[in-house]
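Residue-level structure breakdown
So the chains spell out like this:
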Amino acid sequence: MFNKVLIANRGEIAVRAVRACREMGITAVALYDPSDISSLHVRLADECVRVESPAFFMDDQAMVKLARERGVDAIYPGYGFLSEAAGFAQACLDAGIAFIGPPPEVLQQTRDKLAALTRAREAGFLTVQSSPEAYGRDQMAELQQAADQLGYPLVVKSYRGGRGRGSRLISSPDKVTQAMRQGQQTAADSENGRIYLERAIIPAHQISVQVMGDRFGNLVCLGEREGSIMYHNQKVIEESPTPCLMPDERARLWQTAVAIARLFHYQNVGSVEFLVTDAGEFYFSEIKARIQVEHPLTEMRAGIDLVREQIRLAAGESLSFRQEDVNLRGWAVLARIYAEDPQRHFLPSPGRLARLRVPTGPDIRVDTYAYSGCQVPAAYAPLFAKLTAWGPDRASSIARLRQGLADFAVAGIPTNIPLLQQIVQAEGFVYGRYHTGSLKEPLLENGAAAPHLRDLAVIAAITYIRRHQQFEPAALERLATGWHRESRRIGN
Amino acid sequence: MSNLQITIDEHTYEVVLNLPSPNGSGYEVMVDGERVKVLLPEAALHNGELEWLVVGERPYEFVMDPHLTWIKAFSGLHRLEIKDLDAQVSRPRSGDGRVKAPIPGLITHLRVQVGDAVEAGISILVLEAMKMENEIRAPLSGVVTAVHVAAGQTVARGEVLVEIGNP
């Protein structure tokens, strides 16, 4: 087993990794740029190393150099940043440092999305339809032709981009050029700015099947998660299992996922992703060769620590359990809490988090780097907490998530919690009838007239008066002549 | 005594605030003609921070923004409009032509220059923050009278970026 691990990430996933390392008796080294020093992963680590800027997390050479200088024997990449970079994984191995993830040759194959689709297709699996190749800035004519061949609607995707960046839906031939320019602009900072096309499946369910493999060829499946509720290409509410599959469809999906993972000689922890139609047909889309943001869903149902398993498997150990030992219990729902302002079109809202009190209680889990008084830095993605609720069945897990969201007290920065609250109340969600098109543009609706609105009006009135007393001398004067005199009279 | 008209999610209430209660820990309030006691468990209320009080015997944790345009409670976010019936003024809304940075970030595209005629709602620049490209749009129609930033520049929240005046 490793002695010392460098966490090549920050925020909540770094907190998660630091804790896993320390539980296993491994020294954890955390990284931070100056704007991120208040985040919890820095405080909890055994060692914390300052890096110049957020860009460091994308710099594979510098990362390996730092790892060597600190004498670590493994690197934990988390999600995003360098987590799926085959070149980085290879550079780690060349430096004699273990990469906690799949081997570089597996990453090479899963990262090349078009080649991965072709390979799965040739092996007889149903996949999403894609353009034959990726296109650069100067290949507009080829792109238009590929688009017309594929048919509409289709999705423009960045060839090397992650997290849905650069993804755009286009519905007709005349929109191709514009979407391509935008897609390439967004993709320009990734490796080569190329884009490719995928035939859109609408409506569909975005479903990931969690798999895990060791270097001896053992592969297991830990069930699926559905992440169809998204806006701005970010998932917001996810659940496990999915409510959209019948038991026999589910069994076939798992078998297919394991077979595809086997095709790629998959090792370590990863997810095989599918688009599933309402008719229960599923189309392979890609392998996410890393831990996923929503992994707590699987952990709560399986009772297996996925990050610990990642570390064990990367250290060369075999799987500690067999498929028949996997017992997925109950239902889990997860909400991603973003520093975003519902009042301003969900623009990011970084800043000082003056107060934070997270929900507690049975079968509630919060993953966060934040606490009262910390900063939510502007340089990173706006996710600052994940709230996961478990219950013996779907209804009870949703009830617990609802309570958790109502209970989640944040002040100082606006968050998307009000929107999450509306989603988990919405009929489509409650009855499990939703798909990837259900929440296109987030929209905060006025709540129905609730009995407590009157109480909130009273609170607003009192707050108005108190703030005016405190901050506006003119108002204070007015109150001093009216209010206080009056009060004395009534007081007597 | 103070008379306020509070509109919350399009429901309007008349609130009459009386005195602070004798021990200074609360208020007595008339809302739509009904008397309600309000307890303030903590002396200090802080702008934008988590506050709590008890209306009748119902506890509320809440956050209100500094401009008092919304309130967040257990039930979510509610829009507010406060009318001070004594002062006969509404809460002011910003409406001049100064376009300020809604968030700190990096200007990646600047689409206007001084002298350009713009229409309300068109994109005048792109502000990148937290890995998102945010289109900043003209709040009103007019002519660009000043541009205070350049592409590639980092700006702070509230910084004036562009000014739009009447032609």
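Residues numbered from 1 in each chain as written. Chains lettered and ligands numbered in written order. Predicted model: local features only at pLDDT ≥ 70, side-chain atom pairs only at ≥ 80, totals over all residues. Heavy atoms only, no water.

**Points about the packing of aromatic side chains**
Residues and elements named next belong to chain A.
- Overall, the coordinates contain 10 aromatic pairs over all chains when judged by the stated rule.
- Relative to Y380, the ring of F57 has its centre 6.1 Å away and its plane inclined at 80 degrees; by these criteria the two rings are edge-to-face. With a gap of 323 residues between them, F57 in the loop between β3 (47-50) and α3 (60-69) and Y380 in the loop between β20 (375-376) and β21 (383-391) connect regions that are remote in the sequence.
- For Y380, a relative accessible area of 2% gives the class buried.
- Ring-pair connections join several aromatic residues into one group, and the members of that group are F56, F57, F81 and Y380.
- For the cation-ring pair, R10 lies above Y369, with the distance from its terminal atom to the ring centre recorded as 4.5 Å.
- In this arrangement the basic side chain of R10 is found over the ring face of Y380, its NZ or CZ atom lying 4.3 Å from the centre. (Phe/Tyr/Trp six-rings, centres within 6.5 Å; stacked < 30°, edge-to-face > 60°. Helix = DSSP H or I, 4+ residues; strand = E, 2+ residues; numbered from the N terminus. Buried < 20%, exposed > 50% of the residue type's maximum accessible area, 1.4 Å probe, protein only. Lys NZ or Arg CZ within 6 Å of the ring centre and 35° of its normal.)

**Concerning the sheet that holds strand β13 (residues 123-129) of chain B**
Residues and elements named next belong to chain B.
- One open sheet accounts for four strands, arranged β14-β13-β11-β16; its pairing is antiparallel. Each having just a single partner strand, β14 (132-137) and β16 (154-155) make up the two edges of the open sheet.
- Bridging between strand β11 (residues 105-110) and β13 involves four bridges; their strand directions are antiparallel. Residue pairing across strands places H109 opposite V126, the latter belonging to β13. (Pairing = 2+ DSSP bridges.)

**Some words on helix α9 (residues 247-263) of chain A**
All names here are of chain A.
- Over its 17 residues, α9 extends 24 Å from the first C-alpha to the last, a length consistent with the 24 Å expected when each residue adds 1.5 Å.
- Structurally, α9 contributes buried residues whose contacts are with β9 (205-213), β10 (219-231), β12 (268-276) and β13 (282-288).
- Two residues or fewer after α9 comes H265, characterised by a positive phi angle close to 50 degrees. (Expected span 1.5 Å × (residues − 1). Contact = heavy atoms within 4.5 Å.)

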